[in-house]
Amino acid sequence: MKDMPFDVKKRFWKGIFRTVKDKIEFEGIGMHTGEEARVIIHPDESGEIRFLKNGVYIKADVDNVVDVFRGTSLHSEGERIDTVEHLMAVLFAAGINSAVIEFVRGEEFPIFDGSARVMAEAIDNVGIEEFIAEKVEGEGYFLTPLSVEDESKRVKATYVPSPGFEVSFLLDYRGTPIGIQTFKFNLTWQNFKRDIAPARTFGFEKELGFLKKKGLIKGASLDNAILVKEDGIVVKDSLRWENEFVRHKILDFLGDISLAGVKLDGKWLLERSGHKYNVALAKKVKWLAKRCVRRMNFEEIKELLPHRYPFLLVDRVLDFEEGKKIVTLKNVTGNEAFFTGHFPHRAVMPGVLIVEALAQSAGVLVLKSFNLKNITPFFAAIDKVRFKKPVKPGDTLIMEVELLMKKARICKVKGTAYVNAEVVTEGEFTFSLLADEFKKLQVCN
Ligand code: ZN
């Protein structure tokens, strides 16, 4: 842990779970369905946030997201619930990671005044219960930035590991009364209740017809949303802040990112993001968190592999399942020897070296799993190799290698290399495991 700039383990829920002390009931109409819903949050010790509707549990998980158009909807086994993001943001900010949210009536969470204030107050009223569970999910090491981008829409959602939990949002509705708004927010329960929870949702007058045609906003009114017209803003009472709009976007973001299932310290930089991109980022966060559970350091890797500078291409082992799978990491820097010649005018990591890095990862997997001494794996075949994206200085390669077959002195693996949770190279590799003559020679000398 000494080489870590901060205690990354703290960024994960380590078997300490938090639930509500008592059940909480909510009743109200849904923004889109316009229907009355009755929802009960129950204390629970499962270590998960789960919705319950018609006897079906729907885990609050990014893989269960079914719709991100004007709200975040989850589904499982044919049951669906809508507009969960405000409630999820409240639970996330309060550190609640274990609860059952039962939909007794209706399918859309009540919109109340368009903000999360009612839910935040309700949590404070009943209080929070902490308990230790044996199940530990997502404990580990999280080292690389992640991002989601849509250049044509100038949307960017980025995660950078660092201490604290800080969200910066740029909202850009130039040409409307909202204009450009920014807000920077440090996540604590107190800050959330004061600066984010009361921020209300909003809609544009020019979109009302289109949304109604789609069967949405049946419950919308000035009691639960701010209306943005071309020439001004219509709001019940008055705006709670001049930048209430960007604060509401942060509320939505917190609800969406909670669906990754881990709470990571870091800076979250959001430009023009919305449910679609928030959820895409949450998927990447979940992807990486799942791959960062255990660890082997550089010195331990050197004990297994004979490669040395400039040809040892694995820095760290993030996860290891004996005889099955390994996840490794290589930080690619501009100082790599190969960039001197490949290419002097435009540094791109040679694809064959990504294949080599995958092969070395496979070497660690096989040598460690079967406790092989004085054996070196040599390439026997490479198949189905695809190079999908260039790897450049500053990238972190995450490599996943699965053992497909091992017989006596032959083994076959499937390897996939990722940058930013996206595949850059994949292929299948066969190795001959040969006795290490070189080491014998050294002994003779
Ligand atoms: Zn919202």
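Residues numbered from 1 in each chain as written. Predicted model: local features only at pLDDT ≥ 70, side-chain atom pairs only at ≥ 80, totals over all residues.

### A word on the domain arrangement of the protein chain
Structurally, the protein chain comprises domain 1 (15–290) and domain 2 (298–444). With eight residues of domain 1 at the interface, the matching set in domain 2 holds four residues. Top contributing element to the side of domain 1 that touches domain 2 by residue count: helix α6 (residues 275–290), with three residues. Residues that form the side of domain 1 that touches domain 2 fall into these classes: five nonpolar, two polar and one charged. (Domains from an automatic or database assignment. Contact = placed C-beta atoms within 7 Å. Helix = DSSP H or I, 4+ residues; strand = E, 2+ residues; numbered from the N terminus. Nonpolar A, V, L, I, M, F, W, Y, C, P; charged D, E, K, R; others polar.)

### Comments concerning the nonpolar core
Grouped together as the largest cluster of nonpolar side chains are 62 residues, with contacts concentrated most on Val90, Ile250, Leu281 and Val285. For Ile250, the contacting residues outside a window of four places in its chain are Val167, Phe169, Phe183, Phe185 and Ile196. Leu313, Leu358, Leu365 and Tyr418 belong to the second largest nonpolar core, which has 34 residues in total. (Core = buried A, V, L, I, M, F, W, Y, C linked by C-beta atoms within 7 Å. Buried ≥ 20, exposed ≤ 12 C-beta atoms within 10 Å, placed from the backbone.)

### Here's the deal with the packing of helix α5 (residues 244–257) against α6
Packing of α5 against α6 brings their axes to within 8 Å, and their N-to-C directions diverge by 35°. For α5 against α6, the interelement crossing comes out right-handed. Contacts between α5 and α6 involve Asp252, Phe253, Asp256 and Ile257 on the former and, on the latter, His275, Asn278, Val279, Leu281, Ala282 and Val285. Classifying every residue of the contact of α5 with α6 gives six nonpolar, two polar and two charged. (Axes fitted to C-alpha atoms, helices over the stretch in contact; angles between N-to-C directions. Left-handed = near helix turned anticlockwise from the far one by under 90°.)

### Some thoughts on the packing of helix α1 (residues 85–93) against α5
Running from N to C, α1 and α5 point in directions that differ by 75°, and their axes come no closer than 7 Å. When the axes of α1 and α5 are compared, the pair comes out roughly perpendicular. Across the interface between the two elements, Glu85, His86, Met88, Ala89, Phe92 and Ala93 from α1 touch Leu251, Asp252, Leu254, Gly255 and Asp256 from α5. Classifying every residue of the contact of α1 with α5 gives six nonpolar, two polar and three charged. (Parallel < 35°, antiparallel > 145°, perpendicular 65-115°, else oblique.)

### What to know about the pairing of strand β3 (residues 36–43)
Of the pairings in the sheet, the one linking strand β2 (residues 24–29) to β3 comprises six bridges and is antiparallel in character. Looking across to β3, one finds that Gly28 is bridged to Ala37. Connecting β2 to the next strand, β3, in antiparallel fashion are six residues, including Gly34 with a positive phi near 70°. Taken together, the six bridges between β3 and strand β9 (residues 99–105) define a ladder with antiparallel strand orientation. In the strand pairing of β9, His42 is matched with Val100. (Pairing = 2+ DSSP bridges.)

### Brief notes about unusual backbone geometry
Going from Tyr309 to Pro310, the amide bond is cis rather than trans, its omega being 0°. Here Pro310 lies in the loop between α7 (298–304) and β19 (316–321). Cis peptide bonds are those with omega within 30 degrees of zero, and the linkage from His342 to Phe343 qualifies with -15°. Position of Phe343 relative to the elements: it lies in the loop between β20 (325–331) and α8 (351–369). Phi angles above zero are rare outside glycine, and Ile217 is one such case at about 45°. With respect to the element layout, Ile217 can be found in the loop between α4 (208–213) and β16 (226–229). Overall, Ile217 belongs to the buried group, with 22 C-beta atoms counted inside 10 Å. A positive phi angle, close to 60°, is found at Arg272, a residue other than glycine. In this structure, Arg272 sits in the loop between β18 (266–271) and α6.

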